[in-house]
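A structural walkthrough
Listed below, chain by chain, are the residues.
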Amino acid sequence: KAGVTQTPRYLIKTRGQQVTLSCSPISGHRSVSWYQQTPGQGLQFLFEYFSETQRNKGNFPGRFSGRQFSNSRSEMNVSTLELGDSALYLCASSGGRLDEKLFFGSGTQLSVL
Amino acid sequence: AQSVTQPDIHITVSEGASLELRCNYSYGATPYLFWYVQSPGQGLQLLLKYFSGDTLVQGIKGFEAEFKRSQSSFNLRKPSVHWSDAAEYFCAVGGNSGYSTLTFGKGTMLLVSP
């Protein structure tokens, strides 16, 4: 069974641009969560999608958005990039029940210049 | 608001020695508690979780953790460390939304010396 797949693995953008990151969950998983990891702030929850609906949201500005498709694949978009958005973005999937474990992908490393 | 504190940024342990990584949490109700491990360039792997019941939890790779409500702690232990255990370890707490909305500590980097 394939794991959680995140693409691209690395990304370099400049300030003001926008970026879209992709996450393919484990087959059969309906929940996809996104986390941002930085050296300063650590791991922070961005949002969670379940059956194409945002179920939970962290404390990030509106520049950070996401969506989930009918096949459970998810995309995360960051508009008007800032230097501080440089981070490892991790995606995790689960079956969607609140007591199910998360399976994490290897992440997308975003660098904003 | 929930929070997690991992007081040790780095810990160095000799191979074969015992290990204890500290974690303190703040949460109003009974928390869901987790320990994850992250190797360089990789995602997070769940080592163990506490949901309810027995306060001593066994996990993968020979790790265990003990939930102590009176101390708001969930320390991770391993009796004998292997070189392959070198990685970064994260403690996390989940709230009412369960496993998907986790609050993580800043992590403890474990170095294993020969």
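Anyway, here's the lowdown on the structure attached to this text.

Procedures and definitions
Residues numbered from 1 in each chain as written. Chains lettered and ligands numbered in written order. Predicted model: local features only at pLDDT ≥ 70, side-chain atom pairs only at ≥ 80, totals over all residues. Heavy atoms only, no water. 1 Å grid on protein atoms, 1.4 Å probe; cavity = no way out; pocket = protein on both sides within 12 Å on 5 of 7 lines; lining within 4 Å. Points joined across faces, edges and corners; volume = space filled by probe spheres on them. Helix = DSSP H or I, 4+ residues; strand = E, 2+ residues; numbered from the N terminus. Nonpolar A, V, L, I, M, F, W, Y, C, P; charged D, E, K, R; others polar. Contact = heavy atoms within 4.5 Å. Buried area = accessible area lost by both parts, 1.4 Å probe. Salt bridge = Lys/Arg side-chain N within 4 Å of Asp/Glu carboxyl O. Disulfide = S-S within 2.5 Å. Buried < 20%, exposed > 50% of the residue type's maximum accessible area, 1.4 Å probe, protein only.

This next bit is on the layout of surface pockets. As a volume, the largest pocket reaches approximately 240 Å³. Along the walls of the largest pocket sit 14 residues, with Q37, T38, P39 and G42 of chain A together with E88 of chain B positioned nearest its centre. Elements supplying a minimum of two residues to the lining of the largest pocket: strand 4 (31-38), strand 5 (42-50) and strand 9 (87-94) of chain A together with strand 10 (87-94) of chain B. Each residue belonging to the lining of the largest pocket can be placed in one class, and the counts come to 6 nonpolar, 6 polar and 2 charged.

Take the interface of chain A and chain B next. If you look at the interface, chain A gives 21 residues, while chain B gives 18 residues. Between chain A and chain B, a total of about 1600 Å² is buried, with carbon and sulfur atoms accounting for 56% of that surface. Our count for the chain A to chain B interface comes out at 0 salt bridges. At the level of elements, strand 4, strand 5 and strand 9 of chain A are the ones that each hand at least two residues to the side of chain A that touches chain B. With 4 residues, the top contributor of residues to the side of chain A that touches chain B is strand 5 of chain A. Classifying every residue of the side of chain A that touches chain B by side-chain character gives 8 nonpolar, 8 polar and 5 charged.

With that settled, consider the state of the cysteines. Taken as a whole and assessed by the stated rule, the structure comprises 2 disulfides over all chains. Between the sulfur atoms of C23 of chain A and its disulfide mate C91 of chain A the distance is 1.7 Å. Of note, the bridge from C23 of chain A to C91 of chain A carries an S-S torsion of about -55° and is left-handed in sense. One end of the pair, C23 of chain A, is in strand 3 (residues 19-24); the other, C91 of chain A, is in strand 9, with 68 residues separating them in the sequence. The disulfide bridge from C23 of chain B ends at C91 of chain B, spanning 1.9 Å between sulfur atoms. Between C23 of chain B and C91 of chain B, the S-S torsion sits near -65°, and that sign places the bridge as left-handed. Here the residue C23 of chain B occupies a position in the loop between strand 3 (19-21) and strand 4 (24-26), and C91 of chain B occupies one in strand 10, the gap between them amounting to 68 residues. Of the two residues examined, C23 of chain B and C91 of chain B, each falls in the buried class.

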